[in-house]
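Okay, here's what each chain looks like letter by letter:
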Amino acid sequence: MASSKVKEKQPLRISIGNAKARKNLPLNRVKTTKYTWLTFIPLNFYEQFRRAVYFYFLIITIVSFFVNDTIDPLVSLLPLLFVMIVTALKEGLEDYSRSKSDQIVNSARVTVIRNGKEHCINSEYIIPGDLVIVTSASDVPCDLVLLHSTGSENMCFVNTANLDGETNLKTIYGPSNYAYLSLEHDTNLGNIVCEPSTPDLYTFNGRIEFENASNGAIPLTIENLLLRGVRIKGQGRVIGCAIYTGMSTKLQLNSRYTGNKSASSENYINKFIIALIVGMIVVVFILYLIERQKAANVYPTVYYLGPLPDYNAVLQIFEDFLSFLILFNYMVPISMYMNIELYRVFGALFMKSDLCLYDEETDQPCAVNASNLNEDLGQINILFSDKTGTLTKNQMIFLKCYTGGRNYHLQNTQLYCPSTEERFELGSMDPEILDFFEALALCHTVDILDPNDERSTEKQSEHDSLITTDIIGRYQASSPDEKAILEGCARLGLIFKSIDNNSLHLSRILHEGDVQDLQYERLQVLEFSSERKRMSVIIRDENDVIWLYSKGAETSILPRCNKSPQIEQIDAQITEYAKEGLRTLAVARRTLTESEYETFVGSLNNANIQLMNRKELIAQCYETIEVGLDLLGATALEDALQDNVDKTLIALQEAGLKIWVLTGDKVETAFNIGMACKHIPSSAEVHFLINLTDPMELEGRLKQIETGLSSEAKTLPTALVIDGSTVTALLQHLPKKFANLALQCKAVLCCRLSPLQKSEIVMLIKKSGNHITAAIGDGANDVSMIQEAHIGIGIPGKEGKQAARSADYAIAKFDMLQRLLLVHGHYNTERLAFLVLFYCYKNIIITGCMALFQVYDLFSATSVYNDLYLWLFDIIYISFSFTYLAMSEKHYSENTLLRFPALYKGIAHNTLTSWRTFIIWILNATLQMLIIFYFAYAILYDNNIVFKHGQTADFSTFGTMLIMVLVLVGNLKVFLVSHYMSYLNFAFIVISIIAFMLSTYLYNLSGGNTLYHVYNMFLSSLLMWLYIIICTVACLLPDFLMKAVNDMFLEPTFRQKRESSKIGISKDV
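Anyway, here's the lowdown on the structure attached to this text. Numbers given for residues are sequential positions, taken from 1 along each chain in its written order. Where local features are concerned, this predicted model is filtered to residues with pLDDT of at least 70; where side-chain atom pairs are given and counted, the filter is 80 or more; whole-chain, interface and lining totals use all residues. Side-chain figures throughout are based on the complete set of non-hydrogen atoms in the structure, without hydrogens or water.

Here we come to the packing of aromatic side chains. Here a Phe, Tyr or Trp ring, Trp counted by its six-membered ring, pairs with any other such ring whose centre lies within 6.5 Å, and the pair is stacked when the planes are under 30 degrees apart, edge-to-face when over 60, and tilted otherwise. Under the defined criterion, the tally for this structure stands at 33 aromatic pairs. Taken together, a centroid distance of 6.2 Å and an interplanar angle of 10° make the contact between Phe880 and Phe988 stacked. Of this pair, Phe880 sits in helix H29 (residues 879–888) while Phe988 is found in helix H33 (residues 983–1005), placing the two residues 108 residues apart along the sequence. Only protein chains enter the area calculation, which uses a 1.4 Å probe; residues under 20% of their type maximum are buried, those over 50% are exposed, and those in between are partly exposed. The partly exposed category is assigned to Phe880, whose relative accessible area is 44%. Using a relative accessible area of 23% as the deciding quantity, one classes Phe988 as partly exposed. Following the ring pairs from residue to residue traces out a cluster consisting of Phe834, Phe838, Tyr839, Tyr841, Phe882 and Trp921. Only lysine NZ and arginine CZ atoms are considered, and such an atom sits over a ring when it is within 6 Å of the ring centre and within 35 degrees of the ring normal. Positioned over the ring face of Tyr980 is Lys890, at 5.4 Å from the centre of the ring. Across the ring face of Tyr841, the terminal group of Lys973 is positioned such that the distance to the ring centre comes to 5.0 Å. Here a helix means four or more residues in a row that DSSP labels H or I, a strand means two or more in a row labelled E, and each is numbered from the N terminus.

Taking 1.5 Å per residue as the helical rise, helix H21 (residues 695–710) with its 16 residues ought to reach 22 Å, and the 22 Å between its terminal C-alpha atoms agrees with that figure. Here H21 has its buried residues at Leu698, Leu702, Ile705 and Leu709. Seen end-on, H21 carries its buried residues on one side only, within an arc spanning 65°. With respect to the buried face of H21, the exposed residues turned more than 90 degrees away are Met696, Gln704, Thr707 and Ser710. Elements that come into contact with the buried residues of H21 comprise strand S30 (685–689), strand S31 (718–722), helix H22 (724–733) and helix H23 (735–742). In this scheme, a helix's expected span is set at 1.5 Å multiplied by one less than its residue total. Along the arc lie the directions from the helix axis toward the C-beta atoms. By definition in these notes, contact holds between two residues if any of their heavy atoms fall within 4.5 Å.

Looking now at the sheet that holds strand S6 (residues 155–159). A pair of strands is labelled paired if DSSP reports no fewer than 2 bridges between them. The strand order across the open sheet formed by 3 strands is S7-S6-S12, and the pairing between neighbours is antiparallel. Of all the strands in the sheet, the pair left with one neighbour each is strand S7 (169–173) and strand S12 (231–233). Pairs of neighbouring strands in the sheet enclose a mean axial angle of 45°, with direction left out of account. Inspection of the sheet shows S6 paired to S12 by 3 bridges, in the antiparallel sense. Each bridged residue has a counterpart across the sheet, and for Phe157 the counterpart in S12 is Lys233. Whenever a helix is involved, its axis is fitted only over the stretch in contact; in every case the axis is a line through C-alpha atoms, and angles between N-to-C directions fall within 0 to 180 degrees.

Counted residue by residue, strand S27 (residues 583–592) has 9 buried out of 10 residues, so it is predominantly covered. Two elements, strand S26 (residues 546–552) and S27, share 7 bridges in a ladder whose sense is antiparallel. Following the sheet pairing, Ser550 is matched in S27 by Ala588. Here 7 bridges tie S27 to strand S28 (residues 630–641), and the two strands are oriented antiparallel to one another. Residue pairing for S28: Thr584 is matched across the bridge by Ala636.

Residue position: Ser385 is located in strand S15 (residues 382–385). Non-local contacts of Ser385, meaning those with residues more than four positions away in its chain, are made with Thr390, Leu391, Trp660, Val661, Leu662, Ile776 and Phe814.

For salt bridges, the criterion is a side-chain nitrogen of Lys or Arg within 4 Å of an Asp or Glu carboxyl oxygen. For the structure on display, the rule yields 28 salt bridges. Residue Arg114 pairs with Asp130 through a salt bridge whose shortest N-O separation is 2.6 Å. You can see Arg114 sitting in strand S2 (residues 109–114) and its partner Asp130 sitting in the loop between strand S3 (117–122) and strand S4 (131–135), a full 16 residues away along the chain. On the accessibility criterion, Arg114 (19% relative accessible area) is buried. A residue is classified by how much of its surface remains accessible, and Asp130, at 0% relative accessible area, is buried. In the salt-bridge network here, residues are joined through shared partners; they are Asp354, Arg819, Lys890 and Glu894.

Now for empty space enclosed by the protein. The method works on a 1 Å grid over the protein atoms by themselves. A cavity is a set of points holding a 1.4 Å probe that cannot get out, a pocket is an open set with protein on both sides within 12 Å along at least five of seven lines, and residues with an atom within 4 Å of a point line them. Grid points are joined across faces, edges and corners, and a volume is the space filled by probe spheres set on the points. What the rule picks out here adds up to 1 cavity of 30 Å³ or more. Empty space within the largest cavity amounts to approximately 30 Å³. Every residue lining the largest cavity is listed: Lys387, Leu391, Val661, Ala670, Ile673, Gly674, Cys677, His679 and Leu749. Considering every element that reaches the lining of the largest cavity, the biggest residue donor is helix H20 (residues 667–676), with 3 residues. In this count, Pro and Cys sit with the nonpolar residues alongside Ala, Val, Leu, Ile, Met, Phe, Trp and Tyr, while Asp, Glu, Lys and Arg are called charged and the others, Gly among them, polar. Class assignment of the residues belonging to the lining of the largest cavity gives a composition of 6 nonpolar, 2 polar and 1 charged.

Our next topic: unusual backbone geometry. Here His909, not a glycine, exhibits a phi torsion of approximately 60°, which is positive. Among the secondary structure elements, His909 is positioned in the loop between helix H30 (894–899) and helix H31 (915–942).

Among the structural elements, Tyr288 can be located in helix H8 (residues 265–297). For Tyr288, a relative accessible area of 7% corresponds to the buried category.

This brings us to the pairing of strand S33 (residues 773–777). Within S33, 5 of the 5 residues are buried, which leaves the element mostly enclosed by the surrounding structure. Alignment of S15 against S33, held across 4 bridges, turns out to be parallel. For Ser385, the partnering residue across the bridge sits in S33 and is Ile776. In this sheet, strand S34 (residues 791–794) lies alongside S33 in parallel orientation, the contact comprising 4 bridges. Its bridge partner lying in S34, Ile776 is registered against Ile793.

Further remarks concern helix H28 (residues 867–877). For H28, every residue scored as buried is listed here: Leu868, Tyr869, Leu870, Leu872, Phe873, Asp874 and Tyr877. Tucked into the core, H28 has its buried residues touching helix H10 (335–352), helix H27 (816–854), H29, helix H32 (955–977) and H33.

Residue placement: Pro141 occurs in the loop between S4 and strand S5 (143–149). What makes Pro141 buried here is its relative accessible area of 9%. Setting aside residues no more than four positions away along its own chain, Pro141 makes contact with Asn28, Val110, Ser123, Ile126, Val132, Val134 and Arg228.

What follows is about the sheet that holds S4. Either a parallel or an antiparallel arrangement is found when strands of a sheet pair, and the pairing is made through backbone hydrogen bonds. Across the sheet, 6 strands lie side by side as S3-S2-S4-S13-S5-S11; this open sheet has antiparallel pairing. Strands at the two margins of the open sheet, each flanked by one partner only, are S3 and strand S11 (225–226). The sheet contact formed by S4 and strand S13 (residues 237–244) spans 5 bridges and is antiparallel. Its bridge partner lying in S13, Val132 is registered against Gly240.

Encoded structure:
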């Protein structure tokens, strides 16, 4: 074991181009299926029989073929087979769908270079060391080290939406000093030595080594790695060396298939069934003991029955006990599972056909991929949400700016000043404002893709031809803020046109016909980092003046500016922008002398060649030059939120849901969005846990926050903001304390998370208590989180539908979540609770009468009912009426549920199926069972001549009396307990009763059965009709009185409290 662990940690050594042997290298095959054609039936049936109730019925069915003929074995066998076959077909289709998806991925055609020649192969046959060619707009098939790009400076742009949800582009660079010519001429392409694959999407360590040691090693970082799932943008093609393939790629390591999910309802269903089974066994045991006593005292006196069996024989004892067990097997409702599946199918159809969950723009209805979780939509108390594309549209808009002492709004091609109500075009702006926008047009790292389409030949004005959506559409930025700022500048007339070898080209449209072309040389880019909270560029203009432009968070820029009255004004304006939920940036600049620039370059080059503390040394160089800045102004951008996202979040919070936002985005960006969408209340006390990895320090911060939460003087809500590195430390060292603290907070925001970290957080909360979790997202990076949660909800994203396909439910927009949970979740929870309780209720009545009958038939394990009644009782006599009610019941209207989200709390934690409620239903069934049996027994006890021609009632008449009242009471009970009685439901009740009477009448006309001509005499007897009426009224009178009391006194009081609480909430708001 020790040696294997050491081996796992050893670095991988991969020959570039695979010039050496290719044997025993892992293929690039992806497999997400659970079964094969050979293993499907045994594995699926094994998983189903792991359910105790299924295994129980299997045993009972087998035994019923060999022990006694009390009840036909098919009564148990057919329902069990039906439920299992339906379940197997559903799981088989789901697995077949995954298999087809795998086949599509594995059979995708890719081009590789082997032995100096290009070959087109299936993606699954890529092996580590292959040189893979990826063209523009294509997905990377496995993890590659970029070796060559046709783009400038040996780099390429990639869209990482499938990994982190961000639609803005990232830049990947080829290794420095690795020449592309070596691929064509040299046989020694080198070897890649790297760490084994890990789920971390943001780190990678490796190097390229050559056989000739004099060449030296070339370091590799995450900036050189093309991850599986990213899409190449803009470049003609790139060439990379495959290192991680198939299930070892970072994307696959972040994908976690959790298997089939089970609803929380199975817990209470199993508890109720176990209670019924235990009760049945107790009854069977008691009846068996009484039977043995009767056998000892009574049977010897009835010598004409023949010689007595040996009741002490083990086989006889076993057979007698099992005979009772089979007789009362009807108490455990296996057919309930058929009705539950039917209810779930119709519940899914209701959601799919709900026009309020249909998006006309995208032609997207609600999709249900896991109908077995319908009822859990009403049980959610923790909601995990992605940010980008879920809460926001990921569309940045440059709305406002402050410069020259004034606040301006960007309105198409003009600046509007609200204070003076003036409008300015670029040509009429003051020089100070022009300098501000020029800084914005230069201080960025945006690139422009080559045009793919021919320009329109339609005649346009010069202004419109320059400010074209084609230019704006080809802007590619690592930050959506930068792209939005350049788009705003372009619409004003200051257009970033191109960049070529660090030469920036701008066009400035002052007036119609007055266009100035400007050229600048970009000398250095001082990259943005979360620690610095700013980025800078060093530019040489046409007058040979060197400028340093800087933009970033005001907390980072303002302290570096020269003192001036503008600082306080701009700081105050930025605060106003932040209150509006806008994203802000401060902009500043300064000039540099040649000597200052030369000194800076020398220090920077020295820092870049250091192997130790390189990052810190570079940051120190930046610090020395980003000083003495002149503040130019500030920008305000809006990240467009999804429609009604704030109202939806508020409603869900009123419904009792705690909402966590898990995102791969930066802390600053995510926090601003959290404030804007009301996820984090404006009055909240926000605690930041950023870049904390020391366990002792973390524990101290958690205790500090927990002390504040437990303080009696605590009145403000608390929000928790955490980044990815801190989450890693918390999950590793303090998972329980982190979960306990976070669950006490009003809002939790986790940033810079990998897909695996998202799923790990969901798993932690699932295990931290009795919580039902849901996760909603729109990207492939959310799939692990969606599959890990109890309920996964997907939104079809702009970059694909991976999340929607992997989710249990899919909706077009985030605001539809409110209706999905508060309406459909509420209805499904109530309906299943009624279905299960009613099933237990009716089975107690019908088997209870059989148990009482044993007292009067010498405990012979004989059924009091004809086989016809047992066959049709669940299928026709009562099933249609209460199953239809279970599919259509509405305690509250849809508008009421949406207006009063707090009603959702009333069904949380499966309160509708508590033990108290279950016992009430069972006691009610027991009372009605006693009334039905002993009313019939009383009529026949003294005088069983009940028919009009003087005939006596026989055994079949007694069973028919019982079942007749049972059918009437069961169907009329449906009428009494319903809150929403439609004409169709009423029709089902009437039809069920008529179906019983008609089927029994037709059956009693045929000879050769125990019911022959019995029902004819039954219907013609006045005494029988009086028994039916009086017994039915006696059974339902307590239910009727309780319903009357509830409708007259309890419901009105509840409505008044609900209305007053709603008014109180409105006043507070």
